[in-house]
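Now for the letters of each chain:
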Protein chains: 2
Amino acid sequence: MSTHTDFGVWPGEQTTDLPAQTDAGIYFIGRIRTPWKERKDCPKNARQSDAVCTVELDPRWQDGLKDVETCTHLVLLYWMDKSPRNLVLQVPGSYGVQRGTFSLRSPARPNPIAMSVVKLMRIEGNELSVVGLDCLDGTPLLDIKPYFASTDSVPDAVVGWHRNR
Amino acid sequence: MSTHTDFGVWPGEQTTDLPAQTDAGIYFIGRIRTPWKERKDCPKNARQSDAVCTVELDPRWQDGLKDVETCTHLVLLYWMDKSPRNLVLQVPGSYGVQRGTFSLRSPARPNPIAMSVVKLMRIEGNELSVVGLDCLDGTPLLDIKPYFASTDSVPDAVVGWHRNR
């Protein structure tokens, strides 16, 4: 994830023209509560922290949590709304090399939807306690999905540029 | 995934009131080409098919594919726009039991964003050939991410309701 403290276009970065309008709308269905109030405080990736974070689901959706307690792990989708959406080539501060946006998990992407796999610790009412997040406190939640090892787990997957850096 | 041929509310299903407005907008950044023209033809899950599907990225974003060719697997996010967004309890046709929306991978959810892990076969220009999709032909693409086994792979994750059914 980028460690830029602001999102100006850096040397080696390249933007594209955004479409004139968006194509669909999303609802923020809750908020994620984490210990991290500023970008610089966030762990570089989710495996760097064992902090227990809280997912506060809007009560409107609470009945949708039925059976979620039977899951050991979940996929969370959330919205990283502080990022530019027009970068196609970027130079993440943590790597210092130009990469294509779609080869990175940087929040700067056309649709700033983050995906994290988290371990579910506990559900109380509309609040889920989870481990495995690295986002800012207050991040808008988009979705909660059950994690199926049969389709979602690929232990031998390789990101070549990362392995060889 | 639900096998309903239409999305009426079935016995045992429960809806909620949707918020008055959406909170953010998303861009369709491409289209997914698959062999499946109707819902009934789609595989029930992505591991049921070894069909090679094509991801057509809008040329506007093509430079963002740099370095993606070094990835063996990708996360694709896409938009399942034919689904109702107000269901909190649903009875998937393939299981016949009432479940909470967030315990299912059903396309019917407040934000109908699907997540699939796919194997990357080849990239030519703005087209990616991948294995591991189960969606309708023409499905709008939202994002392409590198799959990091270190954070995304949890081989021993369990979905209890599914194991015990």
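Residues numbered from 1 in each chain as written. Chains lettered and ligands numbered in written order. Predicted model: local features only at pLDDT ≥ 70, side-chain atom pairs only at ≥ 80, totals over all residues. Heavy atoms only, no water.

**Some words on the overall build of chain A**
Next up, step 1: Secondary structure assignment for chain A yields two helices and 10 strands.
Next up, step 2: In chain A, the succession of helices and strands from N to C terminus is β-β-β-β-β-β-β-β-β-β-α-α.
Next up, step 3: Taken over C-alpha atoms, the radius of gyration comes to 17 Å for chain A, in line with the 15 Å a tight globule of 165 residues would show.
Next up, step 4: C-alpha extents for chain A along the principal axes are approximately 50 × 40 × 30 Å. (Helix = DSSP H or I, 4+ residues; strand = E, 2+ residues; numbered from the N terminus. Rg over C-alpha atoms; globule rule 2.2 N^0.38 Å.)

**Remarks on the environment of A:Val88**
Next up, step 1: Within the element layout of this structure, A:Val88 appears in strand β6 (residues 87-90).
Next up, step 2: On the basis of relative accessible area, A:Val88 is assigned to the buried category, the value being 2%.
Next up, step 3: A:Val88 sits 31 residues away from A:Lys119 along the chain, and the two C-alpha atoms are 32 Å apart.
Next up, step 4: The contacts of A:Val88, once residues within four sequence positions are left out, are A:Gln14, A:Thr15, A:Thr16, A:Arg99, A:Gly100, A:Thr101, B:Arg60, B:Trp61, B:Asp63 and B:Gly64. (Buried < 20%, exposed > 50% of the residue type's maximum accessible area, 1.4 Å probe, protein only. Contact = heavy atoms within 4.5 Å.)

**Comments concerning the pairing of strand β3 (residues 30-33) of chain B**
Residue and element names in this part refer to chain B.
Next up, step 1: The alternating pattern of β3 places Gly30 and Ile32 on a buried face, while none of Arg31 and Arg33, on the opposite face, is buried.
Next up, step 2: Relative to strand β4 (residues 52-57), β3 is paired through four bridges, and the arrangement is antiparallel. Across the sheet, Ile32 pairs through a bridge with Val55, a residue of β4.
Next up, step 3: Bridging between β3 and strand β10 (residues 139-146) involves three bridges; their strand directions are antiparallel. Following the sheet pairing, Gly30 is matched in β10 by Leu141. (Pairing = 2+ DSSP bridges.)

**So, the packing of aromatic side chains**
Next up, step 1: One pass over the structure, following the stated rule, counts two aromatic pairs over all chains.
Next up, step 2: Residues A:Phe148 and B:Trp161 carry aromatic rings whose centres are separated by 6.4 Å and whose planes lie at 85° to one another, so their mutual orientation is edge-to-face. Of this pair, A:Phe148 sits in the loop between β10 (139-146) and α1 (149-152) while B:Trp161 sits in helix α2 (residues 160-163), on two different chains.
Next up, step 3: You can call B:Trp161 buried: its relative accessible area is 5%. (Phe/Tyr/Trp six-rings, centres within 6.5 Å; stacked < 30°, edge-to-face > 60°.)

**Looking at the state of the cysteines**
Residue and element names in this part refer to chain A.
Next up, step 1: Under the criterion given, the structure shown has zero disulfides over all chains.
Next up, step 2: Its sulfur unpaired, Cys71 is 19 Å from the next cysteine sulfur, which belongs to Cys53.
Next up, step 3: Using a relative accessible area of 3% as the deciding quantity, one classes Cys71 as buried. (Disulfide = S-S within 2.5 Å.)

**Focus on the confidence of the model for chain A**
Residues and elements named next belong to chain A.
Next up, step 1: In this model, chain A carries an average pLDDT of 90, and 91% of its residues clear a pLDDT of 70 or more.
Next up, step 2: Contacts for the low-pLDDT stretch residues 1-6, under 50 throughout, to residues beyond four places or in other chains number 19 contacts.
Next up, step 3: Note on the complex model: pTM 0.92, ipTM 0.92. (pLDDT = per-residue confidence, 0-100.)

**Focus on the relation of the copies chain A and chain B**
Next up, step 1: Rotating chain A by 180° and translating it 0.0 Å along the rotation axis places it on chain B, where the RMSD comes to 0.0 Å. In short, the pair behaves as if placed about a two-fold rotation axis.
Next up, step 2: A share of 100% of the interface residues of chain A reappears at the interface of chain B, consistent with the copies meeting face to face through the same patch. (Least-squares fit on C-alpha atoms with pLDDT ≥ 70 in both.)

**Regarding the interface of chain A and chain B**
Next up, step 1: Between chain A and chain B, the contact holds 71 residues from the first and 71 residues from the second.
Next up, step 2: With its nearest N and O atoms 2.8 Å apart, the salt bridge here joins A:Asp143 to B:Arg109.
Next up, step 3: In this structure, the connection of chain A to chain B is made through 53 residue pairs in polar contact (both at pLDDT 80 or more).
Next up, step 4: Contributions of two or more residues to the side of chain A that touches chain B are made by β2 (24-26), β5 (73-79), β6, β7 (99-100), β8 (113-124), β10, α1 and α2 (160-163) of chain A.
Next up, step 5: Broken down by element, the residue count for the side of chain A that touches chain B peaks at five residues, all from β10(A).
Next up, step 6: Taken together, the residues that form the side of chain A that touches chain B break down as 36 nonpolar, 21 polar and 14 charged.
Next up, step 7: Taken together, the three bridges between β2(A) and strand β2 (residues 24-26) of chain B define a ladder with antiparallel strand orientation. Note that in β2(B) the partner of A:Ala24 across the bridge is B:Ile26. (Salt bridge = Lys/Arg side-chain N within 4 Å of Asp/Glu carboxyl O. Polar contact = N/O pair within 3.5 Å; in protein donor to acceptor, adjacent residues only side chain to side chain. Nonpolar A, V, L, I, M, F, W, Y, C, P; charged D, E, K, R; others polar.)

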